[in-house]
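One-letter residues, chain by chain:
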Amino acid sequence: MAHALLKGETGDWEMVIGLEVHAQVLTKSKLFSGASADFGAAPNAQVSPIDAGMPGMLPVINKLCIEKAVRTGLGLNAKINMYSVFERKNYFYPDLPQGYQISQYQHPIVGEGIIEIDLPDGSIKKIGIERLHLEQDAGKSLHDQHPSKSYVDLNRSGNPLMEIVSKPDMNSAEEAAAYVTKLRAIVRYLDTCDGNMDEGSMRCDVNLSMRRPGAPLGTRCEIKNVNSIRFVQQAIEYEARRQIEVLEGGGKITQETRLFDTKNGTTRTMRSKEDAHDYRYFPDPDLLPLKLEQAFVDDIKKTLPELPDAKKKRFIDMGLSPYDASVLVAEKERADFYEKVADNNDPKLAANWVTTELAGALNKAGKALHDSPISAEKLGGLLKLIADNTISGKIAKEVFSEMFATGKDAAKIVDEKGLKQVTDTGTIEKLVNEVLAENPDKVAEYKAGKDKMFGFFVGQVLKRSGGKANPAMVNDLLKAKLGS
Amino acid sequence: MKNLTTLTIKEALIGLKKKEFTAVELTEAHIKAAEAARHLNCYITETFDLARKQAKESDARYAKGTAGLLDGIPVAMKDLFCTEGIQTTAASNILKGFKPPYESTVSANLWRDGATMLGKANLDEFAMGSSNTTSAFGNVINPWRSKNHDKPLVPGGSGGGSAAAVAARIAMGATGTDTGGSIRQPAAFCGIAGIKPTYGRCSRFGIVAFASSLDQAGPTARTSEDCALMLQSMAGYDPKDSTSVNRPVPEYSKSIGQSVKGLKVGVPKEYRIDGTNPEIIKLWEKGVQMMKDAGAEIVDVSLPHTKYALQTYYVIAPAECSSNLARYDGVRFGLRVEGDNLVDTYEKTRAEGFGKEVKRRILIGTYVLSAGYYDAYYNKARSVRKLIWQDFINAYQKCDVLLTPTVPTPAFAIGENMQDPVTMYLNDVFTIPASMAGMPGMSLPVGLSSDGLPLGLQLLGKPFDEETVFKVAHVIEKAANFTALPQSLMSKAA
Amino acid sequence: MSIDINTVRKVAKLARIRTTDAETEVLSGELSKILKMIEQLNEVNTDGVEPMTSVIEMKMPEREDKVTDGGIPEKILANAPEHTAGFFVVPKVVE
Ligand SMILES: [Mg+2]
Ligand SMILES: [Zn+2]
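The text that follows walks through the structure, step by step, so that each part is easy to find. (Residues numbered from 1 in each chain as written. Chains lettered and ligands numbered in written order. Predicted model: local features only at pLDDT ≥ 70, side-chain atom pairs only at ≥ 80, totals over all residues. Heavy atoms only, no water.)

## Examining the sheet that holds strand S16 (residues 282-283) of chain A
All names here are of chain A.
Then comes step 1: In space, the three strands of this open sheet follow the order S6-S5-S16, with antiparallel pairing throughout. In this open sheet, the two edge strands, each paired with only one partner strand, are strand S6 (100-104) and S16.
Then comes step 2: Taken together, the five bridges between strand S5 (residues 86-90) and S6 define a ladder with antiparallel strand orientation. Residue pairing in the sheet places Arg 88 in a bridge with Ile 102 of S6. (Pairing = 2+ DSSP bridges. Helix = DSSP H or I, 4+ residues; strand = E, 2+ residues; numbered from the N terminus.)

## Describing the side chain of Ser 150 of chain A
Then comes step 1: Here Ser 150 of chain A is to be found in strand S10 (residues 149-153).
Then comes step 2: Given the relative accessible area of 0%, Ser 150 of chain A is considered buried.
Then comes step 3: Of note is the side chain of Ser 150 of chain A, whose polar atom sits 2.9 Å from the side chain of His 143 of chain A.
Then comes step 4: Excluding anything up to four places from it in sequence, Ser 150 of chain A contacts Leu 142 and His 143 of chain A together with Phe 88, Val 89, Val 90, Pro 91, Lys 92 and Val 93 of chain C. (Buried < 20%, exposed > 50% of the residue type's maximum accessible area, 1.4 Å probe, protein only. Polar contact = N/O pair within 3.5 Å; in protein donor to acceptor, adjacent residues only side chain to side chain. Contact = heavy atoms within 4.5 Å.)

## A short note on the coordination of the magnesium ion (ligand 1)
Residue and element names in this part refer to chain A.
Then comes step 1: Taken together, Glu 20 (OE) and Glu 163 (OE) make up the full set of protein donors to the magnesium ion (ligand 1), lying 2.4 to 2.7 Å away.
Then comes step 2: Distance-wise, the zinc ion (ligand 2) is placed 3.9 Å from the magnesium ion (ligand 1), both being coordinated by Glu 163. Remark: Glu 163 occurs in strand S11 (residues 160-166) and Glu 20 occurs in strand S2 (residues 11-24); sequence separation between them is 143 residues.
Then comes step 3: On the basis of relative accessibility, which here comes to 16%, the residue Glu 20 falls in the buried class. (Donors = N, O, S within 2.8 Å, 3.2 Å for Na, K, Ca; no water.)

## Examining the interface of chain C and chain B
Then comes step 1: Residue-level contacts link 49 residues of chain C with 65 residues of chain B.
Then comes step 2: Carbon and sulfur atoms make up 69% of the area that chain C and chain B hide from each other, which totals about 5200 Å².
Then comes step 3: Scanning the region where chain C abuts chain B turns up 18 residue pairs in polar contact (both at pLDDT 80 or more).
Then comes step 4: When contributions to the side of chain C that touches chain B are tallied by element, the ones reaching two or more residues are helix H1 (5-14), helix H2 (21-38) and strand S3 (87-91) of chain C.
Then comes step 5: Broken down by element, the residue count for the side of chain C that touches chain B peaks at nine residues, all from H2 of chain C. (Buried area = accessible area lost by both parts, 1.4 Å probe.)

## Regarding the packing of aromatic side chains
Then comes step 1: A full pass over the atoms with the stated rule returns 30 aromatic pairs over all chains.
Then comes step 2: Measuring from centroid to centroid gives 6.1 Å for Tyr 373 of chain B and Tyr 377 of chain B, while their planes differ by 35 degrees, and the two rings are tilted.
Then comes step 3: For Tyr 373 of chain B, a relative accessible area of 23% translates into the label partly exposed.
Then comes step 4: An angle of 45 degrees between the planes, with centres 5.2 Å apart, marks the rings of Tyr 374 of chain B and Tyr 378 of chain B as tilted. Residue Tyr 374 of chain B and its partner Tyr 378 of chain B are located together in helix H12 (residues 374-395), separated by four residues, close to a single helical turn.
Then comes step 5: On the basis of relative accessible area, Tyr 374 of chain B is assigned to the buried category, the value being 13%.
Then comes step 6: Looking at Lys 332 of chain A, its charged tip hangs above the ring of Tyr 189 of chain A, at a distance of 6.0 Å from the centre.
Then comes step 7: Over the aromatic face of Phe 205 of chain B sits the side chain of Lys 240 of chain B, whose NZ or CZ is 4.4 Å from the ring centroid. (Phe/Tyr/Trp six-rings, centres within 6.5 Å; stacked < 30°, edge-to-face > 60°. Lys NZ or Arg CZ within 6 Å of the ring centre and 35° of its normal.)

## Regarding the interface of chain B and chain A
Interface size is often expressed as the accessible area that is lost when the parts come together.
Then comes step 1: Facing the 39 residues of chain B at the interface are 30 residues of chain A.
Then comes step 2: Summing both sides of the interface, chain B and chain A together bury roughly 2800 Å²; the carbon and sulfur share of this comes to 60%.
Then comes step 3: Three residues stand out in chain B for area buried against chain A, namely Ser 242, Arg 327 and Arg 332 of chain B, and they jointly supply 22% of the buried area on that side.
Then comes step 4: Linking chain B to chain A there are one salt bridge.
Then comes step 5: We note a salt bridge from Arg 204 of chain B to Asp 286 of chain A, for which the minimum N-O separation is 3.1 Å. (Salt bridge = Lys/Arg side-chain N within 4 Å of Asp/Glu carboxyl O.)

## What to know about the coordination of the zinc ion (ligand 2)
Each pair of donors in an ideal four-coordinate tetrahedral metal site encloses 109.5 degrees, whereas pairs in an ideal six-coordinate octahedral site enclose 90 or 180 degrees.
Then comes step 1: Around the zinc ion (ligand 2), the protein contributes the donor atoms His 22 of chain A (NE2), Glu 135 of chain A (OE) and Glu 163 of chain A (OE), at 1.9 to 2.1 Å from the metal centre.
Then comes step 2: Every donor residue of the zinc ion (ligand 2) comes from the same chain, spaced as H-x112-E-x27-E.

## Concerning the environment of Val 407 of chain B
Then comes step 1: Considering the arrangement of structural elements, one finds Val 407 of chain B in the loop between strand S9 (401-405) and helix H13 (421-425).
Then comes step 2: As a C-alpha pair, Val 407 of chain B and Ile 86 of chain B span 321 residues in sequence and 34 Å in three-dimensional space.

It is worth stressing that arrangement in space is one thing and function is another; only the former is reported here.
So, in structure tokens, the structure goes:
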């Protein structure tokens, strides 16, 4: 896709976007303590003295976090670093109990990688991954509970995060959205992060600068904690316009951290950043360097699932359109659902039913796929009834509605309602004869060359059968009777 | 009945087993002595009632025949070890009133083996100091006095309260932590024994951190054998400390009494530095002779980077401390001084909560880690640290153990050496190198100065070879026959 | 190098320690002296020497992913200078 350039008063501008995504590692316990990492507990109920930064408390690393970071790295086609180091990032903030965040700085666990993003026009773009490192989450400050106080809950403090940093390879809000969508799909496929942005399991920092097409990079601003894909797009669109206005007004962009205001879709300078940060990173003396063994990495490699890109390719090979394939693989849940439906059924037919009928019905009912009243197995059962001519595609839609309303099996509904397709030649022939006998004028018209009449006869026969007559057989018999 | 406070731990354990006296009697004797010696200011928090309760339980175990390694032995706990539900201050205003909801692993190990706790011993604030004059709870006074003047002397630091308590017979043993000499230097100043084991030998879990890559717990007691017994209890692998080493703890007391015949004792020439008291050099030579007499072989060795250990220490320890002490911000525990806003509250809390020496070290540590200086100071120091460590590894190719003085001078008067921090720092020149390299080190009382003050020698061992250190220590101990008592106790003993 | 008064102020700000003008001046002298001592390290040739992080040479221990801690909010809050409704309370933070 050609770069989407923005028009300014004085000419075209190009956005340069890089994203830092914080993804919470899917674990039971925290990165360095045995407290629960679950979401939604009462304040400070999931805090160990380690997470509260109490005197004499020491970190011990959670094995599963290492495993999942490596797993994610492999899923990002990235270099796994066999030697990495945890360092302390020092700064003061009430939700940072130790006075430092244990993170990785000079030596991250995962190095450069690359992923492909799917753009709305069906094209694909490669986005570079700069690095992935493990770090602790901070607690949560609530500023709106009291006029002069802030409240601090440390439940999140110490939760395991993977910070995934992209290269500045994106040039539009759509690309950024596609990147986050793809990254979320990948971590969900890998089962390394639940990707729930509304619970904060995935959070984005957006780095954005503007330049004239082909010019060197401009000064960037970082927009912190943009917590939905829609907000990522809004923040980028607003910030790009803001920067263009500054630049075209003869001003300069100051490198700064900005906040996205979800209420009005704007960004603003973070006031707390007045004193320039000097994080004084140094290796955490409470921990040792993390050394991995090749066998450990190889073992993880063996358990990697099929990832969205590979799955998409396979779906296309099965006969699906690239569009249908990318819609289906975008969510692991949807892809898994689809594969169950498609089991022993026509792949294209299954794709149609999943992406149109089911998706439409769910959408209308305001339901998510995992609340679907029709399971994948049941939908597959319906398709089998079509395939073996038990019902027609038209009747199938009726059965589908009934299934969606009641959750019953397709076969059972067909049985109860007597919707089984009529394939008995005698019965159909009888209906054909009746229709032809009752419409001699129409038969004459047809014989005089009015081919369109054929459709009328088919419709009448089907109607008379209550929609149950096998349409192909009706066709054949009519053709025979009318002698054409 | 004889005065129970004059016993060594070993003797007391024998007496308890033989039912010559009870743990309650032993503990009461020490409580009485502690009450009489309150002017020394050894304890920040006395826990006499707890000690009595523990002693009762101990007697019950002796009655049942289930007594542990240190059952009934009353000890002092350096107030850097977190003790569950009992105030733990690190001798700082910023932690006044702090009651940890957890127990340090080392103290838990001692309770597991039946020791009783008399109190939380005074120390330099956050273990930063060499004279125990930086405590927010007042100076500790050395029970020893100079023959030549009446001024109260420092007990050394940071473990001044621990060492003075053991020397004054108000605790049979005490825990310490050694970051640059905080067990060994006060032991030398107070005429007792103390060992810093190999880094990683004792768990750091629950010890208020000063400099994490250096901090190591160890015991201080009146004999090497008592130290061996205590270390046996305190040491061990702890899955809660990522720098704790998973290897079995030997029965250290078995090293006591073993021959050193044929053992190679290294004498590093770099420890002959300017400004060392000539009496201490003489003592060192005497120590060498003792080893020769016991059949050991003396080897001249060189640790060429010794003279840079102090400088290395004053980059690495402050750097780590500046970060370790960031958690004292008045939010979750300890002192808070309310300000106009959050930053103001932070700054006032930390200004009032920390003493001068702690602030100095936080600032120097913040400086050496800050942008633009990191490589020049911090990384440089880490590289020199590697060279210091390599020196030891090279020396241990030629010898089994090193013999050096512990401190360049005997204890000095409170108020001396305070004019500038660098002079004070020189106290630790002989103890810091082994801290930088993580090697085990022990100080032993070997003689008296012409002022009548104790002088110590230091033994440095190979990593995790505390056994050789104990073996040699006992030989020197026997040869030195150090029986002098602090003046405060002489009248009582007479 | 020496640590002038402005540098002391900057470092004290970073370390969140309020210092009076008089203290700042004294500290400038003391810290400069310490720094001067530290700078003797420049005499040492460290070319090709890998900076040391830990004196122990072993693999970093790892724990299993199990919930073994937490669930003690009252203990976590017990030492707090100010808390309410299960939260730590601090002067308002302005972002
Ligand atoms: Mg970041
Ligand atoms: Zn981060």
